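Here is how the chains run, residue by residue.
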Amino acid sequence: MKSALALDLLDGPLLVIAPHPDDETLGCGGVIAGAVRRGAVVHTIFITDGGASHLNSIQWSRQSLAAQREREAAEALARLGAGAQPRTFLRLEDANMPGRDSAAYRQAVDAVLAIVKHLAPRLVLMPWRRDPHRDHRDSWQLTMDAIAASGQRPEILEYAIWLDEFGRSDDRPGEGEMEQVAFDVTAVLDAKRDAIKAHRSQLGELVHDDPSGFVLAQPTIERLTGPAEVFWRQCGQ
Ligand SMILES: [Zn+2]
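The protein chain is annotated in an unreviewed UniProt entry as PIG-L family deacetylase from Oryzicola mucosus.

Visitor: Would you mind going over the layout of surface pockets with me for this structure?
Guide: Gaps left between atoms are located by rolling a probe of water-molecule size over the structure's atoms. Counted as a void, the largest pocket has a volume near 340 Å³. As for the largest pocket, its lining consists of 19 residues, of which Ala-160, Asp-164, Arg-223, Leu-224 and Val-230 are closest to the centre. Going through the elements one at a time, α1 (23-37), α5 (163-166) and β8 (228-234) are the ones with two or more residues in the lining of the largest pocket. Per-element accounting of the lining of the largest pocket gives the leading share, 4 residues, to β8. Split into classes, the residues belonging to the lining of the largest pocket amount to 9 nonpolar, 4 polar and 6 charged. Roughly 210 Å³ of volume is contained in the second largest pocket. Lining the second largest pocket are 13 residues, with His-20, Ser-53, Asp-94, His-133 and Phe-214 sitting closest to its centre.

Visitor: Mind showing me how you'd approach the coordination of the zinc ion here?
Guide: Expected angles at a metal are 109.5 degrees for tetrahedral coordination by four donors and either 90 or 180 degrees for octahedral coordination by six donors. Taken together, the protein ligands of the zinc ion are His-20 (ND1), Asp-23 (OD), Asp-23 (OD) and His-136 (NE2), with distances of 2.1 to 2.7 Å. Every donor counted, the 4 donor atoms about the zinc ion form angles of 51 to 141° at the centre, which fits irregular coordination. Here the donor residues of the zinc ion are spaced in sequence according to H-x2-D-x112-H. Residue class for His-20 comes out buried when judged on its relative accessible area of 7%.

How each quantity is defined
- Residues numbered from 1 in each chain as written.
- Predicted model: local features only at pLDDT ≥ 70, side-chain atom pairs only at ≥ 80, totals over all residues.
- Heavy atoms only, no water.
- 1 Å grid on protein atoms, 1.4 Å probe; cavity = no way out; pocket = protein on both sides within 12 Å on 5 of 7 lines; lining within 4 Å.
- Points joined across faces, edges and corners; volume = space filled by probe spheres on them.
- Helix = DSSP H or I, 4+ residues; strand = E, 2+ residues; numbered from the N terminus.
- Nonpolar A, V, L, I, M, F, W, Y, C, P; charged D, E, K, R; others polar.
- Donors = N, O, S within 2.8 Å, 3.2 Å for Na, K, Ca; no water.
- Tetrahedral: all angles 85-135°; square planar, octahedral: opposite > 155°, others 65-115°.
- Buried < 20%, exposed > 50% of the residue type's maximum accessible area, 1.4 Å probe, protein only.

Here it is as structure tokens:
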């Protein structure tokens, strides 16, 4: 069963969790744009530095690529109308987030926890818990640990980026586990498409010396820029 996202949730505050710069726009750029238009505070946390998308490039070191991706993230937020909205770059290592029993992990949880406490989000948008991309699953866990420690009970919606393309059947929600919540993004779809274009390094436009590097494929972009953004909400949440 699919229900419509309750519009009062868009009055915020909202917390957006992006494992990599570009997930904020692909996963929930429409909700970000819609919420900002309603005057909400939208705080985006970029979990990893995104520096692992073109590891073989000589021209773009991991460090310079990570810096570029922060610039692209800022530009994407601006194009969504969220240029003046708060954002945090946690700068964990892309494709190698710290394990749950490490000090680095606890430090990252504390950083997210501090933001949750300060923001008191009404709605949290985060990656799907069993997304095939490891960083997306790890970002879900990290955020859930921070929310649990906060004692707060925000509405939580999960967006799937890679599930439909690379997911196994048991990555999908089980019977009675989740329900779908949809948000009509047609009013802000142009801004969302424009924001995706800000992520130039992921579109094959910037790094030309790493043929094995990541390129966001057009069918993926099409799949994630439909007239609605659809989220998973845990049943009985
Ligand atoms: Zn990602």
